[in-house]
Amino acid sequence: MTIQLNDMGLLKTRAFINGQWVDADSGETFAVTNPATGELLAEVASVGAVETRRAIEAAETAMQDWKARPAAERAQFLKRWYALVMDNQQDLAKLMTLEQGKVLAESVGEVAYGASFIEWFAEEARRVYGDVLSLPQTDRRGVVIKQPVGVVGAITPWNFPNAMITRKAAPALAVGCGIVLKPASETPLSALALAELADRAGLPAGLFSVVPGRSSREIGGELTSNPTVKKVTFTGSTPVGKTLMKQCADTVKRTSMELGGNAPVIIFDDADLDQAIQGALISKFRNSGQTCICANRILVQDSIYDTFMEKFVAAVKDFRIGNGLDSESTHGPVVTAKAAQDIDAMVKSAVEDGAQVLVGGQIDDQGECFYQPTILGNVNDQMRVFREEIFGPVAPVFRFSTEAQAIAMANDTEFGLASYLYTRDIGRVWRVSEGIEYGMVGVNEVAISADVIPFGGVKESGQGREGSKYGLDDYLEVKYICMGGLNG
Ligand code: SIN
């Protein structure tokens, strides 16, 4: 298939290293395909450890001048990058839908969401503050300054091919770091288009390199072992995050990990039911369920369970899955045929253990990447759909009777990223929000993401926060300077 964009200069298939578009040293490429049609979209350069090392060295060199510049100057670059991303919103969204599958309206929304991090950190760049300490000795003062952590290695996922990059690159660049990015091999085109726009915005060569490649192990191995890299930031699954953390231990790198989730949506019998159903639909089926903060377990109080189910099932029956470029489609495919098979295996395992399929429940005739939006009833806490991250359009709905039981069920997982609750009782809002072990809680609201919020999890969902005023700290080191001899 030929990709048609308004600006064909955004379609890049080579790696971007030290300000140059380059092929892999080996000449190797890998295929990027459209999950909706199976068609080949592009062959992209597949680089390895050697090219990654070159990118790291270039970042280290480039950041020496970059970090010495006034923050306002770095902010100017970010503002130009932000404007270019928004000017090219439609092309970036189309590329995203083609390689990832999400419906175009969601891609358009993600480009704006991704751009918002660039704008936010352009503003925050000038707000890196230190402290003056009063020491026990009268002839001394303590000063605390913050400095860029050093070269950052970033590994980003396919589910948000734009925003997960800008949420890492913008704060890193804002404080004066250089960054080497390994995008997911399913969605390198969005990453390379972002690099092209950063280049057009005037980013000095070497500060932001993109190293696409088939072998995550090779590129990730270099990013996690190279002593010049001082910090690794990753968004993806918990098992991969654990491996990266172990690899980073040898050179004692800083890490930020945004890992898997198992979000509960707790719906109490005093909730505004229609609002809760709407929230559960949005949270569960956004990006066809391929979001770390997606509703994974919907917990509904006994007395409203049947009414909830009736309305929830009716709403899902109205969904229309199809090619994300088709304006009639409400939901697109999942990212690969393997992903669809994994989702199907989880549904089948629940059914074998007694779950009831109320709608959907299989791979759709439209193609190997299309999984039908599915609701499961008669589920229990021993099933994989309770214990594991589903990462697909499957909604298991569990019953609970008391507030204490709901909190216990919500916490019965090793994950702790996002959580949601629906109730009109203000006391319950506080009790439950404080009682559940999650990094983020949405109260009567599931659209919790934004540039200004500290996004991140607890337990095995990760560490560190992205976005918000806290997001800069992940790219800064604290340095204490003791100034003595002040008494003359
Ligand atoms: C994610 O799935 O990790 C990102 C979701 C978001 O930022 O809203």
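So, how was this worked out
- Residues numbered from 1 in each chain as written.
- Predicted model: local features only at pLDDT ≥ 70, side-chain atom pairs only at ≥ 80, totals over all residues.
- Heavy atoms only, no water.
- Helix = DSSP H or I, 4+ residues; strand = E, 2+ residues; numbered from the N terminus.
- Rg over C-alpha atoms; globule rule 2.2 N^0.38 Å.
- Buried < 20%, exposed > 50% of the residue type's maximum accessible area, 1.4 Å probe, protein only.
- Contact = heavy atoms within 4.5 Å.
- Near = heavy atom within 4 Å.
- Polar contact = N/O pair within 3.5 Å; in protein donor to acceptor, adjacent residues only side chain to side chain.
- Areas by Shrake-Rupley, 256 points an atom, 1.4 Å probe, with all protein chains shown as cover.
- Nonpolar A, V, L, I, M, F, W, Y, C, P; charged D, E, K, R; others polar.
- Domains from an automatic or database assignment.
- Pairing = 2+ DSSP bridges.
- Core = buried A, V, L, I, M, F, W, Y, C linked by side-chain atoms within 4.5 Å.
- Axes fitted to C-alpha atoms, helices over the stretch in contact; angles between N-to-C directions.
- Parallel < 35°, antiparallel > 145°, perpendicular 65-115°, else oblique.
- Left-handed = near helix turned anticlockwise from the far one by under 90°.
- Buried area = accessible area lost by both parts, 1.4 Å probe.
- Salt bridge = Lys/Arg side-chain N within 4 Å of Asp/Glu carboxyl O.

Undergrad: Please set out the overall build of the protein chain residue by residue, giving values where relevant.
TA: Each helix and strand in the protein chain was counted, giving 14 helices and 20 strands. Over its C-alpha trace the protein chain gives a radius of gyration of 23 Å, about what one expects of a compact globule, namely 23 Å for 488 residues. Dimensions along the principal axes, computed over C-alpha positions, put the protein chain at roughly 75 × 65 × 40 Å. Within the protein chain, the fraction of its 488 residues that count as buried is 57%. If you take every contact in the protein chain between residues at least 6 apart in sequence, the share linking residues at least 24 apart comes to 73%.

Undergrad: Which residues make up the site of the ligand, and what values do they have?
TA: Every residue close to the ligand is listed here: Tyr113, Asn159, Phe160, Met164, Arg167, Glu258, Arg286, Thr291, Cys292, Ile293, Ser449 and Phe455. Tyr113 places a side-chain nitrogen or oxygen 2.6 Å from an oxygen atom of the ligand. Here an oxygen atom of the ligand and a side-chain polar atom of Asn159 are 3.3 Å apart. Starting from 260 Å² of accessible surface for the ligand in isolation, the protein chains cover 100%. Class assignment for the residues of the shell around the ligand results in 6 nonpolar, 3 polar and 3 charged. When residues of the shell around the ligand are assigned to domains, at least three fall in each of domain 1 (8-260 + 461-480) and domain 2 (263-414 + 418-451).

Undergrad: An account of the pairing of strand E16 (residues 394-400) is needed here, citing residue identities and associated values.
TA: The buried fraction of E16 is high, at 6 of 7 residues. With 4 bridges connecting them, strand E13 (residues 295-301) and E16 associate as parallel partners. Paired with Leu299 across the two strands is Phe398, which belongs to E16. Examined bridge by bridge, strand E15 (residues 374-377) and E16 share 3 bridges and lie parallel to one another. By the bridge assignment for E16, Leu376 is matched with Pro396.

Undergrad: Could you give an account of the nonpolar core, with specific residues and numbers?
TA: Counting residues in each nonpolar core, the largest one holds 86 residues, and the members touching the most others are Phe77, Leu78, Trp81, Val85, Leu173 and Phe208. With residues near it in sequence (within four places) discarded, Phe77 still touches Trp66, Leu173, Ala198, Ala201, Gly202 and Leu203. If you look at the next biggest cluster of nonpolar residues, it comprises 34 residues, including Ala271, Ala295, Val300 and Met309.

Undergrad: An account of the sheet that holds strand E14 (residues 356-359) is needed here, citing residue identities and associated values.
TA: What links the strands of a sheet is backbone hydrogen bonding, and the strands pair in either a parallel or an antiparallel sense. The 7 strands lie next to each other as E14-E15-E16-E13-E12-E17-E18, forming an open sheet whose pairing is mixed. The open sheet has two edge strands with one neighbour each: E14 and strand E18 (440-443). Ignoring strand direction, the axes of neighbouring strands in this sheet form an average angle of 25°.

Undergrad: Explain the packing of helix H3 (residues 89-100) against helix H6 (residues 188-200) to me, using residue names and the numbers behind them.
TA: Packing of H3 against H6 leaves a shortest axis separation of 8 Å and a crossing angle of 160°. Judged by the inter-axis angle, H3 sits roughly antiparallel to H6. Judged by the sense of rotation from one axis to the other, the crossing of H3 with H6 is right-handed. Contacts from Leu92, Leu95, Met96 and Glu99 in H3 reach Pro188, Leu189, Ser190, Ala193 and Leu197 in H6.

Undergrad: Explain the domain arrangement of the protein chain to me, and be specific about the residues and the numbers.
TA: Domain annotation for the protein chain reports domain 1 (8-260 + 461-480) and domain 2 (263-414 + 418-451). For domain 1 and domain 2, the distance between their C-alpha centroids amounts to 31 Å. It is Pro35, Val103 and Trp158 in domain 1 that bury the most area against domain 2; as a group they hold 23% of the surface buried on that side. Between domain 1 and domain 2 we count 0 salt bridges in total. Taken together, the connections running from domain 1 to domain 2 amount to 6 residue pairs in polar contact (both at pLDDT 80 or more). For the side of domain 1 that touches domain 2, the secondary structure elements donating two or more residues are H3 and helix H4 (104-124). No other element matches the 6 residues that H4 contributes to the side of domain 1 that touches domain 2. Considered class by class, the residues forming the side of domain 1 that touches domain 2 number 11 nonpolar, 10 polar and 6 charged.

Undergrad: Any chance you could break down the sheet that holds strand E20 (residues 476-483) for me, citing the residues and the numbers?
TA: Strand order in this open sheet of 3 strands is E5-E6-E20, and the pairing throughout is antiparallel. If you trace the sheet from one side to the other, it starts and ends with strand E5 (131-134) and E20, each paired once. Each strand axis lies, on average, 25° off the axis of its neighbour in the sheet, ignoring direction. Judged from the 8 bridges that link them, strand E6 (residues 141-148) and E20 form a sheet pairing that is antiparallel.

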